[in-house]
Amino acid sequence: MSGVAIVTDSNSGITQEEAKRLGIFVGIYVLPMPFYINEELFYEDITLTQEEFYEKLAGDADIKTSQPAPGDVMDMWDKALEEYDEVVHIPMSAGLSSSCETAIMLSQDYDGKVQVVNNHRISVTQRRSVEEAKKLADGGKSAAEIKELLEAIQWDSDIYITVDTLKYVILIPMLINVFVIDCKKQIIPNRLTLTIFEIGLIFISMQVIINTNTGINTFLNSLLGMLIGGGIFLIINLVGKL
């Protein structure tokens with residue numbers, strides 16, 4: 001099969017199943033991003049689903065991201081080149097990961113058959129780039145032409161991020177107020193402290209009702225934090241009386 005294949009990574013939000021559906025005429029290949037959860041290696045949408053990932057994230061698991069191994073990247077390119085003449089690779093933004101620069105370096109060994117697009121995209125905007133690349137490939141554009149066109153419009157998109165819950169919007173300003181008041185008055189007002197404690201209990205109770213396991217984990221973490229924080233203040237108070 002001739003033409004251009006599109007390679008991206010799972011940061012685009014495109015699942016392996018979606019890639020099969022989208023790549024009817026133009027092949028779309030999704031490179032799974034590796035990450036560690038509690039020191040155990042997983043591959044997004046391969047050994048762990050997106051739903052399971054967010055469950056572990058909500059459960060305060062220790063999560064670390066990593067870029068794909070160079071061998072995995074080249075293996076996917078080689079697989080795509082078995083069926084297509086050229087490859088357009090659309091990785092996550094170079095400003096967020098070194099995976100883009102690594103891909104550009106690796107592509108130099110492919111004699112122009114692999115074109116890496118550095119258009120500073122992530123998530124839904126990265127997905128949109130894949131969709132645009134597919135349309136251009138369907139229209140007969142070469143890999144180099146697709147790269148040039150995508151990079152020409154690299155700043156023509158915006159992405160907005162919101163907090164997952166309102167508790168941080170409410171609690172953070174209150175904690176800042178506590179800090180400012182205590183710096184000026186050298187005393188934390190009991191009413192403000194109690195209010196923060198009461199709001200925290202309400203949020204934890206809601207989490208227990210919505211998701212028992214997550215709520216219990218949050219409660220235990222909060223209890224541990226309270227004990228550690230209280231212990232620190234107790235030591236400071238005892239030292240101050242010496």
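Relevant structure appears above.
Residues numbered from 1 in each chain as written. Predicted model: local features only at pLDDT ≥ 70, side-chain atom pairs only at ≥ 80, totals over all residues. Heavy atoms only, no water.

Trainee: Give me the sheet that holds strand 4 (residues 40-43): which residues, what numbers.
Mentor: Strands sit in the order 4-3-5 across an open sheet of 3 strands; the sheet is antiparallel. This sheet does not close on itself; its edge strands, each paired only once, are strand 4 and strand 5 (63-65). Neighbouring strand axes in the sheet, compared pairwise and without regard to direction, differ in orientation by 30° on average. Bridge count for strand 3 (residues 34-37) against strand 4 is 4 bridges, and the pairing is antiparallel. When the sheet's bridge partners are listed, Phe 35 is paired in strand 4 with Phe 42. (Pairing = 2+ DSSP bridges. Helix = DSSP H or I, 4+ residues; strand = E, 2+ residues; numbered from the N terminus. Axes fitted to C-alpha atoms, helices over the stretch in contact; angles between N-to-C directions.)

Trainee: I'd like a description of the pattern of salt bridges, backed by residues and values.
Mentor: Scanning all chains against the criterion turns up 6 salt bridges. One salt bridge in this structure joins Glu 18 and Arg 127, with 3.2 Å as the shortest N-O distance. Here Arg 127 lies in helix 5 (residues 124-138) and Glu 18 lies in helix 1 (residues 16-22), a separation of 109 residues in the sequence. On the basis of relative accessibility, which here comes to 18%, the residue Glu 18 falls in the buried class. Note that Glu 131 and Arg 127 form a salt bridge whose closest N and O atoms lie 3.3 Å from each other. (Salt bridge = Lys/Arg side-chain N within 4 Å of Asp/Glu carboxyl O. Buried < 20%, exposed > 50% of the residue type's maximum accessible area, 1.4 Å probe, protein only.)

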